[in-house]
Each structure stands twice: as structure tokens, then as C-alpha cells.
Amino acid sequence: MSAPFRFPRFFVTNPSPCPYLPGRSERKVFTELNGDNAAELNDALGRIGFRRSQNVAYRPSCADCSACVSVRVVAGEFTPNATQRKLIRRNSDLIVTACKPWSTEEQFELLQRYLRARHPGGGMTEMDEMDFADMVEQTPVESHVVEYREPGENGRPGRLIGACLTDRQGDGLSMIYSFFDTELEQRKGLGNFIIMDHILRAAKAGLPYVYLGYWVEGSQRMQYKVLYRPLEKLSRSGWMRFEPQEQAQAIRGVLPRDEPPLPMELAGIFRK
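Residues numbered from 1 in each chain as written. Predicted model: local features only at pLDDT ≥ 70, side-chain atom pairs only at ≥ 80, totals over all residues. Heavy atoms only, no water.

A. Region of interest: the pattern of salt bridges. Scanning all chains against the criterion turns up 16 salt bridges. Lys188 is paired through a salt bridge with Glu185; the nearest N and O atoms lie 3.3 Å apart. According to the relative accessible area criterion, Lys188 is partly exposed, its value standing at 49%. Arg241 is paired through a salt bridge with Glu232; the nearest N and O atoms lie 3.9 Å apart. (Salt bridge = Lys/Arg side-chain N within 4 Å of Asp/Glu carboxyl O. Buried < 20%, exposed > 50% of the residue type's maximum accessible area, 1.4 Å probe, protein only.)

B. Spatial organisation of the packing of helix α2 (residues 82–90) against helix α5 (residues 190–204). Relative orientation of the contacting elements α2 and α5 amounts to 90 degrees, with a least axis distance of 10 Å. Between α2 and α5, the angle falls in the class roughly perpendicular. Note on element contacts: α5 touches α2 through Asn192, Phe193, Met196 and Leu200, opposite Gln84, Leu87 and Ile88. (Axes fitted to C-alpha atoms, helices over the stretch in contact; angles between N-to-C directions. Helix = DSSP H or I, 4+ residues; strand = E, 2+ residues; numbered from the N terminus. Parallel < 35°, antiparallel > 145°, perpendicular 65-115°, else oblique. Contact = heavy atoms within 4.5 Å.)

C. Representation of the UniProt feature "domain: N-end aminoacyl transferase N-terminal" (unreviewed entry) in the chain within the structure. Here, the residues flagged by UniProt with the feature "domain: N-end aminoacyl transferase N-terminal" (unreviewed entry) are residues 16–86. Secondary structure content for residues 16–86 is 20% helix and 34% strand, and the end C-alpha separation is 41 Å. (UniProt positions renumbered as here; feature names shortened; annotations may be inferred.)

D. How the structure looks around helix α4 (residues 129–137). For α4, the complete set of buried residues consists of Phe132, Ala133, Met135 and Val136. Viewed along the axis of α4, the buried residues span an arc of 160 degrees, placing them on a single side of the element. Where α4 is buried, its residues touch α3 (105–118), β9 (143–149), β10 (160–169) and β11 (172–180). (Arc of directions from axis to C-beta.)

E. Local environment of the environment of Lys225. Here Lys225 shows up in the loop between β12 (209–216) and β13 (231–235). Placed 200 residues apart in sequence, Lys225 and Ser25 show a C-alpha to C-alpha distance of 22 Å. Excluding anything up to four places from it in sequence, Lys225 contacts Val71, Leu212, Gly213, Tyr214, Trp215 and Leu231. A distance of 2.8 Å separates a polar side-chain atom of Lys225 from the backbone oxygen of Leu212. (Polar contact = N/O pair within 3.5 Å; in protein donor to acceptor, adjacent residues only side chain to side chain.)

F. Broad picture of the sheet that holds strand β7 (residues 68–74). Sheet architecture is open: eight strands sit in the order β8-β9-β10-β11-β12-β7-β13-β14, paired in mixed fashion. Each of the sheet's edge strands pairs with one partner strand only, and the pair in question is β8 (95–99) and β14 (238–241). Put simply, the sheet's adjacent strands are angled 35 degrees from each other on average, direction ignored. (Pairing = 2+ DSSP bridges.)

Okay, structure coming up:
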């Protein structure tokens, strides 16, 4: 009698320079997501700190460092502060659509402009349309590209100014990667708005959490993730909430930037 579910095989990458903390190295443990149970496996691994990149689930497995901490927002209890409420009002006219995970030329062009403006010289700037299609379309789980458009005219869709590749898991939304138009002065903070929009939509759908990936204490470009309350982090004892004082101290270190940095999977975690 064959087993209905085969335990996944895990692999470990070779050490490589850490993209977040100078002088340290990173290593990942990963497994493939395939077969009829791919979604269930991804859900289970997501609850213990794994992230998805195409058909691979991975998490940090560094020998001498545990700085990368999985974090998630408790969507149903999120209450935006005054600054966040202003940001939500400023972008309330945007048309938001959860599209099937099919890449488009319009999305790719927006991504290229975003990368040139915010991450010049980064590895993703060398992506071509086929690479982008793989990033979006190679998914064994329920995924969407959430598009943010300005209001259209004469029945035509408005201009695409933001997008986020998002997975729907059993207990929430997992934001894989977001990008947006960085040149819109009237839309400053658009990256943060995209995160808050996901939190509010998860709460409306009755989904408990929005997974933001890894928070790295000591890396300023990862500090934006502490702006959302209540926030939980994954510890050796399981998920636990940030203490108010701890989160307040972390918030004070946030740089005045309005978008997430490159996630580890898209920055080339499987470097040889």
C-alpha cells in the first residue's frame, strides 16, 4: 500500500555572502513543491518560517547566525495609525484587481522601471521577460498578481502603477514580491500602501495573517516590516507577539523609504 503523502527531501545551499549583514554568510535549506500536495506542503512549511520562490520552499539555515526572523501581521487586529490612515485615503481611488498569475508586458515594464530607480546594478535588472514569466507563472499554489491601477477613462483600464505577487495560504496572504512606480510624487508611500491593502483585504476575507517574510534586526532596509501592529515573530517556542517597547524601538530605526527591498529568493539565494 503506497503512502498518500511522501515526506519531502530537503537540501542545503552552499554558503555565500549575506545580502543583509556585512561580514556574514548565508545558507538556505530548501525543498521542491510539486505534486498533488504542493499547496498543503507550502502551507505547513509557511507556518514554520519557509518562503516560496517559484516551485521551491526555503528558509535560512545559517551556521552561526539566526538574525533572519519570520514575521506576520495579525490582520484582524490591525488598526492603522494617523500616518497610515492618511496614506490609505491618499490612494483610495486606486483600482485593485487580483489577477491570475500570468505575466504581462505592462507588469514587466513597470518592474524594470522600479528596479532601475531603486535597485540599479542589482541582479534582477538582468531579468528578461522569460525570467519574469517564470517568477510569476511557475507556482504550484494559489497565487495572484494583485494590480494597482489609477482610475481609467472611457471604459479603459487606468495606468498600472503597482503590483504584488501574492500567495493565498490556508491561514493568510503571503507577499512574495511587490513593485511600483517610484516617480509619482502624489503617491509617495505606495509600497507601504500595498502592504496595508493586503492586511485590510486579508481581514475582510477572514484570513488571520499577512506574511511579510524575514525581518533582520540590524539591517535597516528590512526594518519597514515592524511598522504594522500587531506583529508576530517566529521563535524557537513558536509564534509570539513583539513586545510594545521592542517594536517601538525597532520602529525608531526605520529609514524613510517606501518600499520593501529585494526578497532573498529574488536576489539570488541559490548562488553557486
